[in-house]
Amino acid sequence: MSHSAHSAHGPSEEQPDQASRIGVRLTNVTKRYGGKPVVDDISIDIRRGEFVTFLGPSGSGKTTTLSMIAGFTQVSEGGIQIHDRSVAAVPPHKRDIGMVFQNYALFPHRTVAGNVAFPLERRRIGKAERAKMVGDALAMVHMTDYAERTPSELSGGQQQRVALARALVYNPAVLLMDEPLGALDKKLRDWLQSEIKRIHLEVRSTFLYVTHDQEEALSLSDRIAVFNNGRIEQLGTPQELYESPSTLFVGTFVGDSTLVRGTGFTSVAGHSTGNAAGHRVAGRGTTPDSTAAVLIRPEKLALQSVGSALPTGHCGIPVTIRTATYLGNAWRYELRLPDGSTGMAKTDSEAPGAVPGSALTAVWDPANAVVLADDGGAGEFLT
Ligand SMILES: Nc1ncnc2c1ncn2[C@@H]1O[C@H](COP(=O)(O)OP(=O)(O)OP(=O)(O)O)[C@@H](O)[C@H]1O
Ligand SMILES: [Mg+2]
């Protein structure tokens, strides 16, 4: 943990080391329903101003965790801090948070400006100041020209921008967003993603974002917490998760990959004992005789003809091409491996002979692959 003890308790307004200040801190947070933990002993430190995304499959505990931070769901165990304050006894409307959900219904009979003004009225902010704050918030989401319309006169994307303005208008310490773009089409999502990024840079609040879309998580976040079964499997930057996943689940959930599975990996550096991939790297979490998987990202996998020799020190596996797709700046090949699983290779130029149905050898440098304990955690994402 990078936080020093004094920054956790000290008068942090004058703290020169901005990066060490707490945005949101969860300490051993558990939520049980009927005795069964759906959030299981989660601890996480989010810095002030950071953009952190909770990423994970359906039912993994993302919304429950966000809801405990908001105060709508009581924790079973553990503590939550927002900035320097424990919020155990603080009701939702006093936690200094803003919220945007997938279908955060706007008030249908209020205008856009009236919707955005609502939280300010509740906070008894005077009329003149209110008008200015509403104007600023609408400008931030580029909705100034729509101020007098009602929600039914807006598109879905415009409504979400108004919801965003309403959540940010009182400048909350933390903005919580649960799949805010889930109901929108792809083009609008992409555009609003970049808008949310820009707004984060502008307001510099702590942003906590929930999605099950890994591309969205990679493009938005400073750091991503990967949820699985009520636990955080890994917390890291997009680059760390992509290049150094610590579990098979994380490696396969974040980004495309090819998995070569085998047994007999050893943790003795520089040696391997007869595994399927002929790999020479000892993996994290592998022990002698444990089952291991080699994970290779698409851009680290090359294709060559079956007869030709492997480059020195490289590994290879026979594959069949399932599909070949021209992407403009690259080619993408879906592969079938001998064990029946699918993989992916991405090359800058067209790979000779790589047409659907053809047999080739997929080749990689072990230095560019990650060896992970194979606990079966990737199963549901294969094929
Ligand atoms: N009020 C409740 N009572 C009982 N179980 C609940 C309750 N709320 C949530 N759960 C269970 O807790 C687990 C986690 O749910 P949660 O909504 O946090 O998942 P999620 O990661 O947000 O999933 P999704 O991506 O589908 O939104 C699920 O198995 C869910 O059924
Ligand atoms: Mg959810």
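Predicted, not measured: the structure shown is a model, and the values here were computed from it.

1. With respect to the pairing of strand β7 (residues 174-178)
Inference 1: Summarising burial for β7: five of the five residues are buried, a large majority.
Inference 2: Burial of the side chains of β7 extends over both faces: V174, L176 and D178 are buried on one face and L175 and M177 on the other.
Inference 3: As judged from the five bridges shared by strand β6 (residues 97-101) and β7, these two strands associate in the parallel manner. When the bridges of β7 are listed, M99 appears paired with L176.
Inference 4: Pairing geometry for β7 and strand β8 (residues 206-211), over five bridges, is parallel. Each bridged residue has a counterpart across the sheet, and for L176 the counterpart in β8 is L208.
Inference 5: In this fold, the crossover linking β7 to β8 by way of helix α6 (residues 186-203) has right-handed handedness.

2. Quick look at the nonpolar core
Inference 1: V116, L138, L164, L175, M177, I196 and F207 are the most contacted members of the largest nonpolar core, which has 36 residues in total.
Inference 2: Taken together, the elements giving at least two residues each to this core come down to α3 (112-122), α4 (127-140), α5 (156-168), β7, α6 and β8.
Inference 3: Per element, the largest residue contribution to this core is six residues, and it comes from α5.
Inference 4: Leaving out residues up to four positions away in the same chain, L164 has contacts with V100, V141, L175, M177, I196 and I199.
Inference 5: Judged by nonpolar contacts, the second largest core, of 26 residues, contains M68, I82, L208 and F227.

3. Focus: the packing of aromatic side chains
Between two aromatic rings, the relevant description is the distance of the centres plus the angle of the planes.
Inference 1: For the structure on display, the rule yields seven aromatic pairs.
Inference 2: Where F54 meets F227, the ring centres are 4.9 Å apart and the plane angle is 45 degrees; that geometry is what we call tilted. In this pair, F54 sits in strand β3 (residues 51-55) while F227 sits in strand β9 (residues 223-228), placing the two residues 173 residues apart along the sequence. Side by side, F54 and F227 carry an identical accessibility label, which is buried.
Inference 3: Through a chain of ring-to-ring contacts, the aromatic side chains of F51, F207 and Y209 assemble into a single cluster.
Inference 4: The positively charged end of R166 is found above the aromatic ring belonging to F107, 5.0 Å away from the centroid.

4. Considerations on the pattern of salt bridges
Inference 1: Evaluation of the coordinates by the stated rule reveals 15 salt bridges.
Inference 2: Two residues, R32 and E77, come together in a salt bridge whose shortest N-O distance is 3.0 Å. In this pair, R32 sits in strand β1 (residues 22-33) while E77 sits in strand β4 (residues 77-82), placing the two residues 45 residues apart along the sequence.
Inference 3: For R47, the salt bridge goes to E50, with nearest N and O atoms at 3.0 Å.
Inference 4: A residue is classified by how much of its surface remains accessible, and E50, at 3% relative accessible area, is buried.
Inference 5: Residues participating in the shared-partner salt-bridge network are R47, E50 and R223.

5. Details of helix α2 (residues 62-70)
Three or four residues apart is the spacing at which side chains of an α-helix point the same way, because the helix has 3.6 residues per turn.
Inference 1: Most of α2 is tucked away, with eight of its nine residues classed as buried.
Inference 2: Those residues of α2 lying buried are K62, T64, T65, L66, S67, M68, I69 and A70.
Inference 3: In the segment just after α2, G71 is the residue with positive phi, at about 95 degrees.

6. Focus: the side chain of T64
Inference 1: Relative to the assigned elements, T64 resides in helix α2.
Inference 2: Residue classification places T64 among the buried positions, given a relative accessible area of 19%.
Inference 3: Leaving out residues up to four positions away in the same chain, T64 has contacts with K31, V38 and V39.

7. Topic: the environment of I22
Inference 1: With respect to the helices, strands and loops of the structure, I22 is situated in strand β1.
Inference 2: Between the C-alpha atoms of I22 and I82, which are 60 residues apart in sequence, the distance is 7.2 Å.

8. Digging into empty space enclosed by the protein
Inference 1: Going through the model one piece at a time under the given rule, you end up with one cavity of 30 Å³ or more.
Inference 2: Here the largest cavity is characterised by a volume of approximately 40 Å³.
Inference 3: If you trace the largest cavity, you find it lined by V100, Q160, R161, L164, P180, L181, L192 and I196.
Inference 4: Here the lining of the largest cavity gets three residues from one element, more than from any other, and that element is α5.
Inference 5: Tallied by class, residues from the lining of the largest cavity come to six nonpolar, one polar and one charged.

Cut-offs and rules
Residues numbered from 1 in each chain as written. Chains lettered and ligands numbered in written order. Predicted model: local features only at pLDDT ≥ 70, side-chain atom pairs only at ≥ 80, totals over all residues. Heavy atoms only, no water. Buried < 20%, exposed > 50% of the residue type's maximum accessible area, 1.4 Å probe, protein only. Helix = DSSP H or I, 4+ residues; strand = E, 2+ residues; numbered from the N terminus. Pairing = 2+ DSSP bridges. Right-handed = clockwise from strand over helix to strand, strands pointing away. Core = buried A, V, L, I, M, F, W, Y, C linked by side-chain atoms within 4.5 Å. Contact = heavy atoms within 4.5 Å. Phe/Tyr/Trp six-rings, centres within 6.5 Å; stacked < 30°, edge-to-face > 60°. Lys NZ or Arg CZ within 6 Å of the ring centre and 35° of its normal. Salt bridge = Lys/Arg side-chain N within 4 Å of Asp/Glu carboxyl O. 1 Å grid on protein atoms, 1.4 Å probe; cavity = no way out; pocket = protein on both sides within 12 Å on 5 of 7 lines; lining within 4 Å. Points joined across faces, edges and corners; volume = space filled by probe spheres on them. Nonpolar A, V, L, I, M, F, W, Y, C, P; charged D, E, K, R; others polar.

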